[in-house]
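Commentary on secondary and tertiary structure
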Amino acid sequence: MSLNNNMNVFTTSIKNMPDLMKNYLFQVIFEYESGSALSKVIGTDDFMLRAKTASLPQKDFTQLETHYMGSKIVYPGKATVAGTFSVTFDEFQDMYISKALHRWQNLLFNQAFQNDIDAIGITGGASSDYLKDYSATVRVVLYDSALKSKLPIEYKFYYVWPQALAAATLGQEASEKVTRECTFQYSTFEAIATGE
């Protein structure tokens with residue numbers, strides 16, 4: 001029997017399920033402590049507006065095992081929730097993304113000699129000794145097809161900082177837009193019920 005012509009699918013309970021989740025209905029929202037060094041570097045909601053791709057978190061477990069009478073039994077071990085997620089941003093001619101992410105990384109360590117971008121009086125070395133000054137909280141908020149309400153879950157990443165800013169390739173014969181992809185490190189995350 002061909003599945004392509006199986007009309008029974010239209011009478012199953014699948015008709016009572018909501019629409020499929022669409023991968024483009026999301027926002028990436030960066031939050032940081034007011035008055036922190038990072039707030040002076042970022043300062044706007046431009047990250048949210050320019051984010052074009054994002055990844056949802058991964059959780060995995062180590063395994064513990066024991067042997068008994070020739071059989072192996074495997075148990076879940078330590079959970080790993082710390083990890084990375086990537087965001088790709090559109091870059092505009094103000095080069096906000098490149099400047100902001102470079103300055104953010106300079107809060108971790110400034111490798112420059114003397115002429116690097118200066119946002120808050122960075123003079124070299126780590127520009128902050130406090131996690132709250134250089135890390136953000138990031139929310140990935142998902143929306144329904146009509147953009148009228150949030151989906152039941154949003155993801156919240158804690159203690160986020162930019163681990164790697166990928167190079168952007170320029171080309172005389174190219175005609176594509178410039179994007180910047182950044183891999184962010186986080187310490188933990190939550191899947192939070194939105195209540196809508």
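Everything in this summary refers to the structure shown in the same document. None of the values given here were measured: they were computed from a predicted structure.

On a plain count of helices and strands, the protein chain comes out with 4 helices and 9 strands. Counting all 196 residues of the protein chain, 31% fall into the buried class. Relative to all contacts within the protein chain whose residues are 6 or more apart in sequence, the contacts with residues 24 or more apart total 63%. Per element, the accessible surface of the protein chain, about 13,200 Å² overall, is 53% carbon and sulfur.

Relative to strand β7 (residues 153-165), strand β6 (residues 136-142) is paired through 4 bridges, and the arrangement is antiparallel. Within β7, the position partnered with V140 by the bridge is Y155. In terms of strand pairing, β7 meets strand β9 (residues 188-193) through 6 bridges, oriented antiparallel. Considered in β9, the bridge of K156 is made with E190. As judged from the 4 bridges shared by β7 and strand β8 (residues 179-186), these two strands associate in the antiparallel manner. If you follow L165 over to β8, its bridge partner there is C182.

Inspection of every chain in the model, using the stated rule, returns 7 salt bridges. Across the salt bridge formed by D90 and K177, the nearest N and O atoms sit 2.9 Å from each other. With D90 in strand β5 (residues 83-90) and K177 in the loop between β7 and β8, this residue pair connects regions lying 87 residues apart in the sequence. Across the salt bridge formed by K132 and D133, the nearest N and O atoms sit 3.8 Å from each other. The structure contains a network of salt bridges with shared partners spanning E31, R139 and E154.

A few words now on the packing of aromatic side chains. Scanning all chains against the criterion turns up 14 aromatic pairs. Measuring from centroid to centroid gives 5.5 Å for F30 and F184, while their planes differ by 55°, and the two rings are tilted. Here F30 is found in strand β1 (residues 26-31), whereas its partner F184 is found in strand β8, with 154 residues between them in sequence. Summarising the burial analysis for this pair, F30 and F184 share the class buried.

Below, the discussion takes up the environment of H102. One can find H102 in helix α3 (residues 96-108). Spatially, the C-alpha atom of H102 lies 9.2 Å from that of P162, the residues being 60 residues apart in sequence. When residues no more than four places from it in sequence are discounted, the contact partners of H102 are Q111, D116 and I117.

There is a patch of nonpolar side chains on the surface, built from M7, V9, F10, I14 and M17 and spanning about 550 Å² of accessible area. Within the secondary structure layout, M7 lies in the segment before β1.

Cut-offs and rules
Residues numbered from 1 in each chain as written. Predicted model: local features only at pLDDT ≥ 70, side-chain atom pairs only at ≥ 80, totals over all residues. Heavy atoms only, no water. Helix = DSSP H or I, 4+ residues; strand = E, 2+ residues; numbered from the N terminus. Buried < 20%, exposed > 50% of the residue type's maximum accessible area, 1.4 Å probe, protein only. Contact = heavy atoms within 4.5 Å. Areas by Shrake-Rupley, 256 points an atom, 1.4 Å probe, with all protein chains shown as cover. Pairing = 2+ DSSP bridges. Salt bridge = Lys/Arg side-chain N within 4 Å of Asp/Glu carboxyl O. Phe/Tyr/Trp six-rings, centres within 6.5 Å; stacked < 30°, edge-to-face > 60°. Patch = residues over 30% accessible without salt bridge, like charges linked within 9 Å, V, L, I, M, F, W, Y side chains within 5 Å.

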